[in-house]
Amino acid sequence: MENVVFGDANKDASYPECVDGLAAYNQQLTQATSKKDKVAQVLKRLHEVEKYLDHSYVEDIALSEEAKADVILSEEHHIRSLAANLEKLQKSTDILSSEHIRAVPSFSSKFQELSQVHIEQQDKMCELTEDTKQLLSYYNTTITLLSKQFVQWDEMVTKLEIAAKPKKPVD
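Residues numbered from 1 in each chain as written. Predicted model: local features only at pLDDT ≥ 70, side-chain atom pairs only at ≥ 80, totals over all residues. Heavy atoms only, no water.

*Asks:* Quick one: what's the story with the packing of aromatic side chains, residue by residue and with numbers?
*Replies:* Evaluated as defined, the whole model comprises 1 aromatic pair. With a centroid separation of 5.6 Å and 70 degrees between ring planes, the pair formed by Phe150 and Trp153 is classed as edge-to-face. You can see Phe150 and its partner Trp153 sitting in helix 10 (residues 108-164), 3 residues apart, about one turn around the helix. The class of Phe150 is exposed, set by a relative accessible area of 51%. (Phe/Tyr/Trp six-rings, centres within 6.5 Å; stacked < 30°, edge-to-face > 60°. Helix = DSSP H or I, 4+ residues; strand = E, 2+ residues; numbered from the N terminus. Buried < 20%, exposed > 50% of the residue type's maximum accessible area, 1.4 Å probe, protein only.)

*Asks:* I'd like to hear about the pattern of salt bridges, residue by residue, with values.
*Replies:* All chains considered together, the criterion is met by 2 salt bridges. Notably, a salt bridge pairs Glu48 with Arg45, separated by 3.0 Å at the nearest N-O pair. Assessed through its relative accessible area of 23%, Glu48 is described here as partly exposed. A salt bridge links Glu76 to Arg80; the nearest nitrogen and oxygen atoms lie 2.8 Å apart. Placement of the pair is Glu76 and Arg80 together in helix 7 (residues 76-91), with a separation of 4 residues, close to one helical turn. On the basis of relative accessible area, Arg80 is assigned to the exposed category, the value being 56%. (Salt bridge = Lys/Arg side-chain N within 4 Å of Asp/Glu carboxyl O.)

*Asks:* Residues and numbers for a nonpolar patch on the surface, please.
*Replies:* On the surface, a nonpolar cluster with roughly 650 Å² of combined accessible area is contributed by Tyr139, Ile143, Leu146, Phe150, Trp153 and Met156. Secondary-structure assignment places Met156 in helix 10. (Patch = residues over 30% accessible without salt bridge, like charges linked within 9 Å, V, L, I, M, F, W, Y side chains within 5 Å. Areas by Shrake-Rupley, 256 points an atom, 1.4 Å probe, with all protein chains shown as cover.)

*Asks:* Hey, could you go over the environment of Ala40 for me, with residue numbers and the actual values?
*Replies:* For Ala40, the location among the structural elements is in helix 3 (residues 37-44). Put simply, Ala40 and Thr30 are 10 residues apart on the chain and 9.3 Å apart in space, counted from C-alpha to C-alpha.

*Asks:* If you had to explain the confidence of the model for the protein chain to someone new, which residues and values would you point to?
*Replies:* Looking at the protein chain, the pLDDT average stands at 85 and 89% of residues meet or exceed 70. The element-level mean pLDDT for the protein chain is lowest in helix 1 (residues 2-6), coming to 64, with helix 10 highest at 95. (pLDDT = per-residue confidence, 0-100.)

Have a look at this one:
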């Protein structure tokens, strides 16, 4: 094994002997575990522990084949929907890889300028909207005041007309 790992190189301090080191570690572990009955029992049952820790074991005991089939069938609509979306995506790869889409980065400076113009126009539109609201408020106030003045004048004229009418003698 050392020849496979290190080749024909000289085995010195920088190339420790692997087999001897592994044998020493194995002997130390054996000595340490032989005195402990619990550790020896656990090591004997290590294959069982590995089996229980395997994720497929949990799936096998948790769901039967029928239950797995029921889960898949209950999600059939969702799976079909995903398949249809994937087919649409596959069909649109020609469009997404077209020269027009690939040329988009070259237009980024133009898009930047257009975005700036759009932002400026939005700001101007907001100012114009506020000015228009203010003018409408002034207009409504003026019309309301004029309406009130006309109502007062109408009342005054009506009173004057009634006062100016000749009074009928009472029989």
